[in-house]
Amino acid sequence: MTKREIIKSVLEHKKPPYVPWSFKFTKEPKEMLQEYYKTDDLDVVLGNHILNLGSDIGFFEEVKKDHFKDVFNVVWDRSIDKDIGMPIEDIIKDPTLEGIQFPNPHDPRFFANIESEIEKKPDLFRVFQIGFSLYERAWSMRGMENLLMDFFMYPDFVHELLGKIADYNIAQVDKALEYDIDAVYFGDDWGQQHGLIMGADLWHEFLYPHIKRMYKRVKDAGKYVMIHSCGDVDELFPSLIDAGLNCFNPFQPEVMDVHQIHSEYLGKLCFHGGLSMQKTLPFGTKEDVTKESLALLEMGRKGGYIFSPSHSVESDTSLENILAFIEVAQSQLKELKPV
């Protein structure tokens, strides 16, 4: 089986010949690994099974040192956080979309790498990424505190804003579906360490109708839906499954019991992540990383699981600990066993 076929088998709730994996890294550890392996392209040397396509947020313009403007004209200070950063100014000053211009969802820069990457790595599972796919895009434009107050004070404005963002995403999905992709990945953080940022009632009222529209467009095309949402969001899993979700990331062990939830949703929902990013990777030993990784692989032998740290690996993780989970994943290929 190709890596592409193995990921598909997992998403179809079949037992794979081994537990697949796919790892992502923030800027500093990525550069460290590129130096260690003497290559700019980590997918091949790591054995990743997922090919990430597109430009998830749309940071195309550096306006000054460490400050980048996204396609929605929000400027982000990335002097400390080199990957995303923090918006420095709200572009929607008042609860109205008057004068706000949305970007072109078919901007060719979002699709520039698809054909070349597929040609280089035809055996990987192909995922087009849309970051900040709803709530995050809204708060980055309006400001988080303002948006949360708008839920109560200006609900019509929030519905209009989220509707336009979803329309933009759907138009981008339609363009991406012209290529031979396998899935669309929607990034949108809804959770805190305990519970949802906006609560389940508001999530269902404001976000869920648009989530269903976006996922439906992907599912109607015969593709898979994958999402990323940090935090304690497992109370939403039944609704997300009903909307068509196939795979959830980051699967954080600090906010949910990953083994219990995997068992509970086996055959209904797949998971990608699970290795502790808040505790084990930054503060544990190599042996701790290996032990936790092996336990996750044992869980994944039942199916419904893609092995990975619970988030893009950050700069507080040592090279030794990074190499430990890479070695555990790759060691499966040395002695393939029936699952």
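Calculation criteria
Residues numbered from 1 in each chain as written. Predicted model: local features only at pLDDT ≥ 70, side-chain atom pairs only at ≥ 80, totals over all residues. Heavy atoms only, no water. Helix = DSSP H or I, 4+ residues; strand = E, 2+ residues; numbered from the N terminus. Contact = heavy atoms within 4.5 Å. Lys, Arg positive; Asp, Glu negative; His and termini not counted. Charge placed at Lys NZ, Arg CZ, Asp CG, Glu CD. Pairing = 2+ DSSP bridges. Axes fitted to C-alpha atoms, helices over the stretch in contact; angles between N-to-C directions. Phe/Tyr/Trp six-rings, centres within 6.5 Å; stacked < 30°, edge-to-face > 60°. Buried < 20%, exposed > 50% of the residue type's maximum accessible area, 1.4 Å probe, protein only. Lys NZ or Arg CZ within 6 Å of the ring centre and 35° of its normal. Parallel < 35°, antiparallel > 145°, perpendicular 65-115°, else oblique. Nonpolar A, V, L, I, M, F, W, Y, C, P; charged D, E, K, R; others polar. 1 Å grid on protein atoms, 1.4 Å probe; cavity = no way out; pocket = protein on both sides within 12 Å on 5 of 7 lines; lining within 4 Å. Points joined across faces, edges and corners; volume = space filled by probe spheres on them.

### Considering the overall build of the protein
Helix and strand counts for the protein stand at 13 helices and 11 strands. Overall size of the protein, expressed as C-alpha extent along the three principal axes, is 60 × 45 × 40 Å. Restricting the contact set of the protein to residue pairs at least 6 apart, pairs at least 24 apart contribute 72%. Here the protein contributes 37 positive and 56 negative side-chain charges, whose respective centroids are spaced 5 Å apart.

### A short note on unusual backbone geometry
The residue after N249, namely P250, is reached through a cis peptide bond having omega 20 degrees. Backbone geometry at K38 places phi at a positive 60 degrees, although glycine is not the residue there. Following the sequence through the fold, K38 ends up in the loop between α2 (27–37) and α3 (42–46).

### Here's the deal with the sheet that holds strand β8 (residues 224–228)
As summarised here, the arrangement of the 7 strands in space is β1-β6-β7-β8-β9-β10-β11, forming an open sheet in which the pairing is parallel. A strand with exactly one partner marks an edge of an open sheet, and here the two such strands are β1 (50–53) and β11 (305–309). Here the strands of the sheet are splayed against their neighbours by 25 degrees on average, with no regard to which way each runs. With 5 bridges joining them, strand β7 (residues 183–187) and β8 adopt parallel strand pairing. In the strand pairing of β8, Y185 is matched with M226.

### Some remarks on the packing of aromatic side chains
In total, this model carries 25 aromatic pairs according to the counting rule given. Taken together, a centroid distance of 6.5 Å and an interplanar angle of 70 degrees make the contact between Y265 and F271 edge-to-face. When sorted by exposure, Y265 lands in the same class as F271, which is buried. Taken together, F237, F248, F251, Y265, F271 and Y305 form an aromatic cluster joined through their ring pairs. Over the aromatic face of F68 sits the side chain of R78, whose NZ or CZ is 4.4 Å from the ring centroid.

### Describing the environment of E5
Here E5 lies in helix α1 (residues 3–11). Taking the relative accessible area as the measure of exposure, E5 reaches 41% and is therefore partly exposed. When the C-alpha positions of E5 and W190 are compared, they lie 31 Å apart, and in sequence the two are 185 residues distant.

### Re the packing of helix α10 (residues 258–265) against helix α12 (residues 286–300)
Axis separation between α10 and α12 bottoms out at 11 Å; the angle between their running directions is 10 degrees. Considering their axes alone, α10 and α12 lie roughly parallel with respect to each other. Along the contact surface, α10 presents V258, H259 and H262, while α12 presents A295, L296 and M299. The residue makeup of the contact of α10 with α12, split by class, is 4 nonpolar, 2 polar and no charged.

### Section: empty space enclosed by the protein
Following the criterion strictly, the structure yields 2 cavities of 30 Å³ or more and no others. Estimates place the volume of the largest cavity at around 60 Å³. Contributing to the lining of the largest cavity are D56, F72, F110, I130, G131, F132, R137, I165, Y168, N169 and Q172. Broken down by class, the residue content of the lining of the largest cavity amounts to 6 nonpolar, 3 polar and 2 charged. Of the pockets and cavities examined, the second largest cavity occupies roughly 40 Å³. Surrounding the second largest cavity, S133, L134, F186, G187, D188, W190, I211, M214, Y215, I227 and H228 form its lining.

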